[in-house]
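Tertiary structure, described
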Amino acid sequence: STLVDLVVQVNLTDALQSPGPFTLFAPTDVAFAQIGDFIDVNNATQVTDVLLYHVLNGIVLAEDIDDDSTATTLSGETLSFDKFRRHFHKHIITINDDSQVIFEDNLVTNGVIHVIDEVLIPPAYEPEPEKPYCAYFYHGLCWWY
């Protein structure tokens, strides 16, 4: 998988195979295919920052995640979680208002893996929001788009 390839590329294999325990939010290969605009996958520092932004110390199961909660990643940044009830026992967990947990609570020997549908981008690498521009100026008024 792309995640494993990147972990090997930046030499995080030993760290993530240590006893832990860890919680890993693992993006799908499809999600990784879409990060080229944000991250240079040949830049070891950027890749390391992104990967560590997906890992928490300790085991955090889906049932442990509360709505409107936060957690600190191994990169030192904070993730925010929202949890929505869908039907009786089903719920949806989102991270940073974007990524959604699509497979939860995959237990492994040194923790738990939750598969997510988007790569989590650390705040330092988030793109600048587009600034509105004055598209039409008339009698001293600007119409923004």
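Here's what I pulled together on the structure shown here. (Residues numbered from 1 in each chain as written. Predicted model: local features only at pLDDT ≥ 70, side-chain atom pairs only at ≥ 80, totals over all residues. Heavy atoms only, no water.)

Description of helix H1 (residues 2-9)
One turn of the α-helix equals 3.6 residues, which is why residues spaced by three or four share an orientation. Within H1, the full set of buried residues consists of Leu3, Leu6 and Val7. One side of H1 holds all its buried residues, which, seen down the axis, span an arc of 105°. Of the surrounding elements, those touching the buried residues of H1 are helix H2 (13-17), strand E1 (22-27), helix H3 (29-32) and helix H4 (44-52). Following H1 by one or two positions, Asn11 adopts a phi angle in the positive range, close to 60°. (Buried < 20%, exposed > 50% of the residue type's maximum accessible area, 1.4 Å probe, protein only. Helix = DSSP H or I, 4+ residues; strand = E, 2+ residues; numbered from the N terminus. Arc of directions from axis to C-beta. Contact = heavy atoms within 4.5 Å.)

Focus on unusual backbone geometry
Cis geometry is found at the peptide bond from Gly20 to Pro21, where omega equals 0°. As for its position among the elements, Pro21 is in the loop between H2 and E1. Its identity is not glycine, yet Asp97 carries a phi of approximately 65°, on the positive side. Following the sequence through the fold, Asp97 ends up in the loop between strand E5 (90-95) and strand E6 (99-108). Here Asp105, not a glycine, exhibits a phi torsion of approximately 60°, which is positive. Among the structural elements, Asp105 can be located in strand E6.

Section: H4
Taken residue by residue, H4 has Gln46, Val47, Thr48, Val50, Leu51 and Leu52 as its buried positions. Taking the backbone nitrogen of Thr45 as reference, a side-chain oxygen 3.0 Å away marks Asn43 as the first, capping residue of H4. (Polar contact = N/O pair within 3.5 Å; in protein donor to acceptor, adjacent residues only side chain to side chain.)

Quick notes on the pairing of strand E7 (residues 111-116)
A regular strand places its side chains on the two faces of the sheet in alternate fashion. By the criterion of burial, E7 is predominantly enclosed, with five of the six residues buried. Relative to E7, E1 is paired through six bridges, and the arrangement is parallel. The residue of E7 that forms the bridge with Ala26 is Val115. Pairing analysis gives five bridges linking E6 to E7, with the strands arranged antiparallel. Its bridge partner being in E7, Asn106 is matched across the sheet by Ile113. Hairpin connection from E6 to E7: two residues lie between these consecutive antiparallel strands. (Pairing = 2+ DSSP bridges.)

Some details on the nonpolar core
Membership of the largest hydrophobic core comes to 20 residues, with the highest contact counts inside it found for Leu3, Phe32, Leu51 and Val119. No other element matches H4, which puts four residues into this core. When neighbours within four sequence positions are excluded, Phe32 is seen to be in contact with Thr2, Leu3, Leu6, Pro27, Leu51 and Val119. If you look at the next biggest cluster of nonpolar residues, it comprises 13 residues, including Phe25, Tyr53, Leu56 and Ala62. (Core = buried A, V, L, I, M, F, W, Y, C linked by side-chain atoms within 4.5 Å.)

Remarks on the environment of Phe22
The residue Phe22 is located in strand E1 in this model. Remark: the alpha-carbon pair of Phe22 and Asn57, spanning 35 residues in sequence, is separated by 4.8 Å. Leave out the neighbours within four places in its chain, and Phe22 touches Ala15, Leu16, Val55, Leu56, Asn57, Gly58, Ile59, Leu74, Asn110, Gly111 and Val112.

Just geometry here; none of it tells us what the structure is for.
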